[in-house]
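# Understanding the architecture of this molecule
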Amino acid sequence: MQSILLVILGGGLGAGARHLVGLATLRLFGPGFPVGTLAVNILGSLAMGLFIGWMAKSDMGGLQSLRLFFATGLLGGFTTFSSFSLDTAFLWQRGEAVLAMGYVLGSVVLSISAVFAGLMIMRHTLS
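Here the structure is a predicted model, which means the values were calculated and not measured.

## Comments concerning the UniProt feature "transmembrane region" (unreviewed entry) in the protein chain
When the UniProt feature table is mapped onto this chain, "transmembrane region" (unreviewed entry) is found at residues 33–56, 68–92 and 98–122. Along residues 33–56, the helical share is 92% and the strand share 0%, with 36 Å between the first and last C-alpha atoms. When the span residues 98–122 is considered, its composition is 100% helix and 0% strand, and the gap between its end C-alpha atoms is 35 Å.

Put into structure tokens, the structure is as follows:
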């Protein structure tokens, strides 16, 4: 039960931070390009790399509660792109470059296709 509460708390804080970044970038740059999404994806991925690298280097890998709160919760709520980026990095570092590139291509193409599919389904359902 403590694990799920840590993820929920971190996720709520991360989602709130994502919302604030979105509002700030909308005010600064306008609605013409998704600067907010790009910003949270890049910042979240950088933070994930720094955090996991710090945990590994400082032998903090055993602190499951810290990882659950920060990596799964906070960064997961801020952007799931950070998890995607970490998964890709792990595949690459294991020497599975083809699998990593397949994961990247598949994730992007299939996720965008899924958005279009959902939009089409709802347009036909609601019309």
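Structure shown, so let's carry the discussion forward.
## Considerations on the nonpolar core
Listed in full, the seven residues of the largest apolar core are Met48, Phe51, Ile52, Met55, Ala71, Leu75 and Leu86. Elements with a minimum of two residues in this core: helix H2 (35–57) and helix H3 (64–78). Contacts of Leu75, omitting those with residues within four sequence positions, involve Gly44, Ala47, Met48, Phe70, Thr80 and Ser82.

## Thoughts on the packing of aromatic side chains
Each aromatic ring pair is characterised by the separation of its centres together with the angle its planes make. Applying the stated criterion across every chain, the model contains four aromatic pairs. Between the aromatic rings of Phe51 and Phe70, the centroid separation amounts to 4.5 Å while the plane-to-plane angle is 45°, which identifies the pairing as tilted. With Phe51 in helix H2 and Phe70 in helix H3, the pair connects residues that are 19 residues apart, well separated along the chain. Taking the relative accessible area as the measure of exposure, Phe51 reaches 9% and is therefore buried.

## Description of the packing of helix H1 (residues 2–29) against H2
In contact at an axis separation of 8 Å, H1 and H2 are set at 135° when each is read in the N-to-C sense. As far as their axial angle goes, H2 and H1 are oblique. For the pair H1 and H2, the crossing hand works out as right-handed. Here Arg18, Val21, Thr25 and Phe29 of H1 lie close against H2, whose contacting residues are Val35, Gly36, Ala39 and Val40. Looking at the contact of H1 with H2 residue by residue, the class counts come to five nonpolar, two polar and one charged.

## Things to note about the packing of H2 against H3
The geometry of H2 relative to H3 is characterised by a closest axis approach of 10 Å and an angle of 170° between their N-to-C directions. Taken together, the axes of H2 and H3 are roughly antiparallel relative to one another. In this structure, H2 contributes Val40, Leu43, Gly44, Ala47, Met48, Phe51, Trp54 and Met55 to the contact, and H3 contributes Leu66, Arg67, Phe70, Ala71, Leu75 and Phe78. Its residues assigned to classes, the contact of H2 with H3 comprises twelve nonpolar, one polar and one charged.

Criteria and cut-off values
Residues numbered from 1 in each chain as written. Predicted model: local features only at pLDDT ≥ 70, side-chain atom pairs only at ≥ 80, totals over all residues. Heavy atoms only, no water. UniProt positions renumbered as here; feature names shortened; annotations may be inferred. Helix = DSSP H or I, 4+ residues; strand = E, 2+ residues; numbered from the N terminus. Core = buried A, V, L, I, M, F, W, Y, C linked by side-chain atoms within 4.5 Å. Buried < 20%, exposed > 50% of the residue type's maximum accessible area, 1.4 Å probe, protein only. Contact = heavy atoms within 4.5 Å. Phe/Tyr/Trp six-rings, centres within 6.5 Å; stacked < 30°, edge-to-face > 60°. Axes fitted to C-alpha atoms, helices over the stretch in contact; angles between N-to-C directions. Parallel < 35°, antiparallel > 145°, perpendicular 65-115°, else oblique. Left-handed = near helix turned anticlockwise from the far one by under 90°. Nonpolar A, V, L, I, M, F, W, Y, C, P; charged D, E, K, R; others polar.

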